[in-house]
Amino acid sequence: MRLDDLILETRGLTKEFRGFTAVQGVGLQIRRGTIHALIGPNGAGKTTVFNVITGVYCPTQGSITFEGRTISGMKANRIACGGITRTFQNIRLFSRLSCLDNVCVATHPHHKAGLTAAVFRTPAFEKDEKALKAEAMAMLEVLGLAEHAHEPATSLAYGQQRRLEIARALAGEPRLLLLDEPAAGLNPQESDELMHLIQDIRRKFQLTILLIEHDMKVVMGICERIAVLDYGIKIAEGRPDEIRADPKVIEAYLGEETPA
């Protein structure tokens, strides 16, 4: 694989918490434009990997490179503004804000007008604010939520709240989107719709997507590459058909071969 094909690479990624090693020596190579999955049993360290990549935690050891630049230990806001945004395993919406305002929050780092313009609400600021609201509305339309724009986020059904989180992450203008269990709590029809949605946003926004997911139909259906963690260690990586048949993965996680 050529280096310029990689959008994200981790080498020897390790995270310890007071003597407990949550992630140990994890190496990932995420190719630009792909949908890549990180799977494994509960407690395997998947979300910890996401948290280290996105700056929630500093790695104890190892390096993270995004588009050729080292981002290890960088603050979360700088990483987000630099092109990596995410959703969370547990939905984290601003419950008192409307759906539109939830998405607008993610557009604020892209304001062109400065602090003085914001304080005095100059014409330049008002123009910028209007453009960003239009952008946020466009994200809601892509996610099928435009009709709920002015409703409180908590009024949405669970599956719609998952979509709102994705809309907010997209509003941050990422080049790499991290989705933490996007199908959690969804019924089979919603999971099928999610599969199509993820593929659509990858094409529409020319994204690379790294996702954590337990729904193997979703993982095997849309991902080109899959990495498997067990007890914080990467035990396998490959194409869906390779992972489905890997004895170590079957023993540690799948239990039996997953149907195609």
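One can find the structure itself at the top, above this paragraph.
Residues numbered from 1 in each chain as written. Predicted model: local features only at pLDDT ≥ 70, side-chain atom pairs only at ≥ 80, totals over all residues. Heavy atoms only, no water.

Caption draft 1: Summary view of the nonpolar core. Of all hydrophobic cores here, the largest spans 48 residues; its most connected members are Ile39, Leu164, Ile209, Leu211 and Ile226. The leading source of residues in this core is helix α6 (residues 158–171), at 6 residues. Apart from residues lying up to four places away in sequence, isoleucine 209 is in contact with Thr34, Ile35, His36, Leu176, Leu177, Leu179, Ile198, Ile201 and Arg202. Grouped together as the second largest cluster of nonpolar side chains are 26 residues, Ile53, Met74, Leu210 and Ala227 included. (Core = buried A, V, L, I, M, F, W, Y, C linked by side-chain atoms within 4.5 Å. Buried < 20%, exposed > 50% of the residue type's maximum accessible area, 1.4 Å probe, protein only. Helix = DSSP H or I, 4+ residues; strand = E, 2+ residues; numbered from the N terminus. Contact = heavy atoms within 4.5 Å.)

Caption draft 2: Representation of the packing of α6 against helix α7 (residues 188–205). Packing of α6 against α7 brings their axes to within 12 Å, and their N-to-C directions diverge by 10°. Regarding the angle of α6 to α7, the classification is roughly parallel. Side by side, α6 and α7 meet where Gly159, Arg163, Ile166 and Leu170 of the first sit next to Glu190, Glu193, Leu194, Leu197, Ile201 and Phe205 of the second. Here the residues of the contact of α6 with α7 are counted per class, giving 6 nonpolar, 1 polar and 3 charged. (Axes fitted to C-alpha atoms, helices over the stretch in contact; angles between N-to-C directions. Parallel < 35°, antiparallel > 145°, perpendicular 65-115°, else oblique. Nonpolar A, V, L, I, M, F, W, Y, C, P; charged D, E, K, R; others polar.)

Caption draft 3: Up close: the packing of aromatic side chains. Going through the model one piece at a time under the given rule, you end up with 1 aromatic pair. Aromatic pair phenylalanine 17 and tyrosine 57: ring centres 5.0 Å apart, planes at 75°, arrangement edge-to-face. Of this pair, phenylalanine 17 sits in strand β1 (residues 6–17) while tyrosine 57 sits in the loop between α1 (46–53) and β4 (61–66), and the two are 40 residues apart along the sequence. Tyrosine 57 sits in the partly exposed class, given a relative accessible area of 29%. In this arrangement the basic side chain of lysine 15 is found over the ring face of phenylalanine 17, its NZ or CZ atom lying 5.2 Å from the centre. (Phe/Tyr/Trp six-rings, centres within 6.5 Å; stacked < 30°, edge-to-face > 60°. Lys NZ or Arg CZ within 6 Å of the ring centre and 35° of its normal.)

Caption draft 4: Broad picture of the environment of glycine 144. The residue glycine 144 is located in the loop between α5 (123–142) and α6 in this model. By relative accessible area, which is 47% here, glycine 144 ends up partly exposed. A C-alpha to C-alpha distance of 38 Å links glycine 144 and arginine 11, two positions 133 residues apart in sequence.

Caption draft 5: Fine view of the pairing of β1. Bridging between β1 and strand β2 (residues 20–31) involves 8 bridges; their strand directions are antiparallel. Residue pairing across strands places lysine 15 opposite valine 23, the latter belonging to β2. Here β1 folds back onto β2 in antiparallel fashion, the turn holding 2 residues, of which arginine 18 has a positive phi close to 50°. Relative to β4, β1 runs antiparallel, the two being bridged by 5 bridges. (Pairing = 2+ DSSP bridges.)

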